[in-house]
Amino acid sequence: MNQENYAVGKSPFWMEYFELINATKRNLVADWFSKQTGKTWRQNKFLKSVKKALEKVDYDYAIPKIEASIDENGNIYYHKGHDVCRGLAPIEWEDKAKAFAPEYQSEPGTIYELYLWYAWRIAMGYWSLEYVCDDSSGDGNYDNSPDATHDIEPSGAKNVGGAADGVGNTFKAVYDDAGYVLCGGNCHIGGMVDPVAATNWYGASHDKNSYAAWVLVLRKPF
């Protein structure tokens, strides 16, 4: 149980796999952002999204630090070392995300919630802007990373940038203003091709990608 982020006695065991993004962390991102000047088009694109995230996300939420898994009954859960849930269509994920923890308002995550978390990790010094935006080959499970397995790893296998959320293992599927989007890369892609903040759009509600792991958030994390 993460006693720093959640009240003792009120949190289920899986809360240890979630990171609370509160006002303190968002203010840290805002301060970091105010000092940034992008050096590449990818950095400028990411910073533009972070700016929009700071404008849109004015609430506390919690985001998973590992990839989700799915049980034999089709229910989402979080447990390190288990198979990653991937390949769900948006219409399937939305129902499963909302059913995960309705008391905490669990819902599909957005690119703004994801990128605020990424920006916080940069602001904390866990990552560099260059690693996130330009070339993520140096760590994670990308095809050309030093410890690449060239296959999908179990959830929580590698800690990268302060979390074990599957960097270079699976695409991160989230919603944006136009529909849904796949962020980052997977185990068969090089880290300079689709770094952490890369985006690939897929619009239809029934589209599936076997290398995509959806991200949910808790919008009532207390």
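Cut-off values and rules
Residues numbered from 1 in each chain as written. Predicted model: local features only at pLDDT ≥ 70, side-chain atom pairs only at ≥ 80, totals over all residues. Heavy atoms only, no water. Buried < 20%, exposed > 50% of the residue type's maximum accessible area, 1.4 Å probe, protein only. Helix = DSSP H or I, 4+ residues; strand = E, 2+ residues; numbered from the N terminus. Arc of directions from axis to C-beta. Core = buried A, V, L, I, M, F, W, Y, C linked by side-chain atoms within 4.5 Å. Contact = heavy atoms within 4.5 Å. Axes fitted to C-alpha atoms, helices over the stretch in contact; angles between N-to-C directions. Parallel < 35°, antiparallel > 145°, perpendicular 65-115°, else oblique. Left-handed = near helix turned anticlockwise from the far one by under 90°. Nonpolar A, V, L, I, M, F, W, Y, C, P; charged D, E, K, R; others polar. Phe/Tyr/Trp six-rings, centres within 6.5 Å; stacked < 30°, edge-to-face > 60°. Lys NZ or Arg CZ within 6 Å of the ring centre and 35° of its normal. Polar contact = N/O pair within 3.5 Å; in protein donor to acceptor, adjacent residues only side chain to side chain. Disulfide = S-S within 2.5 Å. 1 Å grid on protein atoms, 1.4 Å probe; cavity = no way out; pocket = protein on both sides within 12 Å on 5 of 7 lines; lining within 4 Å. Points joined across faces, edges and corners; volume = space filled by probe spheres on them.

1. Overview of helix H3 (residues 90–100)
The complete set of buried residues in H3 reads Pro-90, Trp-93, Ala-97 and Phe-100. Viewed along the axis of H3, the buried residues span an arc of 80 degrees, placing them on a single side of the element. Exposed residues lying more than 90 degrees from the buried face of H3 are Asp-95 and Ala-99.

2. Side note on the nonpolar core
Ranked by size, the top nonpolar core spans 36 residues in total, and within it Phe-46, Trp-127 and Val-132 carry the most contacts. Broken down by secondary-structure element, the contributors of at least two residues to this core are helix H1 (23–33), helix H2 (41–56), strand S2 (61–64), helix H4 (111–123), helix H5 (129–133) and strand S7 (180–183). No other element matches H4, which puts ten residues into this core. Residues in contact with Phe-46, not counting those within four places in the same chain, are Trp-32, Tyr-115, Tyr-118, Ala-119, Ile-122, Leu-129, Val-132, Cys-133 and Ala-197. Formed by 26 residues, the second largest nonpolar core is a distinct cluster that contains Ala-101, Phe-171, Leu-182 and Ala-212.

3. Remarks on the packing of H2 against H4
Running from N to C, H2 and H4 cross one another at 110 degrees; their axes reach a closest spacing of 9 Å. Taken together, the axes of H2 and H4 lie roughly perpendicular to each other. As H2 packs across H4, the resulting crossing turns out to be left-handed. Taking contact as the criterion, the partners of Phe-46, Ser-49, Val-50, Lys-52, Ala-53, Leu-54 and Lys-56 in H2 are, on H4, Tyr-112, Tyr-115, Leu-116, Tyr-118, Ala-119 and Ile-122. Residue classes in the contact of H2 with H4 are distributed as ten nonpolar, one polar and two charged.

4. Remarks on the packing of aromatic side chains
Taken as a whole and judged by the stated rule, the model has 17 aromatic pairs. Plain terms: the ring middles of Trp-93 and Trp-214 are 6.3 Å apart, the flat faces sit at 15 degrees to each other, and that makes the pair stacked. Highlighted residues: Trp-93 in helix H3 and Trp-214 in strand S9 (residues 212–214), separated in sequence by 121 residues. Judged by its relative accessible area of 5%, Trp-214 falls in the buried class. Taking the ring centre of Tyr-211 as reference, the NZ or CZ of Arg-86 above it sits at 5.9 Å.

5. Here's the deal with the side chain of Asn-186
Here Asn-186 is to be found in the loop between S7 and strand S8 (199–202). A residue is classified by how much of its surface remains accessible, and Asn-186, at 4% relative accessible area, is buried. A distance of 2.8 Å separates the side chain of Asn-186 from the backbone nitrogen of His-188, its partner in a polar contact. Dropping the residues within four chain positions of it, Asn-186 is found in contact with Asn-141, Tyr-142, Asp-143, Gly-168, Asn-169, Thr-170, Phe-171 and Tyr-211.

6. Examining the state of the cysteines
Between two cysteines, a covalent bond joining their sulfur atoms is known as a disulfide. For the coordinates displayed, the defined rule picks out zero disulfides. Looking at the unpaired Cys-133, the closest cysteine sulfur is the one in Cys-183, lying at 12 Å. Looking at Cys-133, the relative accessible area reads 2%, which means it is buried.

7. Structural notes on the layout of surface pockets
Reported here for the largest pocket is a volume of approximately 350 Å³. If you trace the largest pocket, you find 20 residues lining it, with Lys-45, Ser-49, Tyr-115, Thr-199 and Trp-201 closest to the centre. Going through the elements one at a time, H2, H4 and S8 are the ones with two or more residues in the lining of the largest pocket. Considering every element that reaches the lining of the largest pocket, the biggest residue donor is H2, with seven residues. Across the lining of the largest pocket, the residue classes tally to ten nonpolar, three polar and seven charged.

8. Examining empty space enclosed by the protein
Evaluated as defined, the whole model comprises four cavities of 30 Å³ or more. Empty space within the largest cavity amounts to approximately 100 Å³. Forming the walls of the largest cavity are Pro-64, Ile-66, Glu-67, Ala-68, Tyr-78, Leu-114, Trp-117, Asp-165, Lys-172, Ala-213, Trp-214 and Val-215. Every element with two or more residues in the lining of the largest cavity is listed here: H4 and S9. In terms of residue class, the lining of the largest cavity is built from nine nonpolar, no polar and three charged.

Remember that the coordinates give geometry; whether it matters functionally is a separate question.
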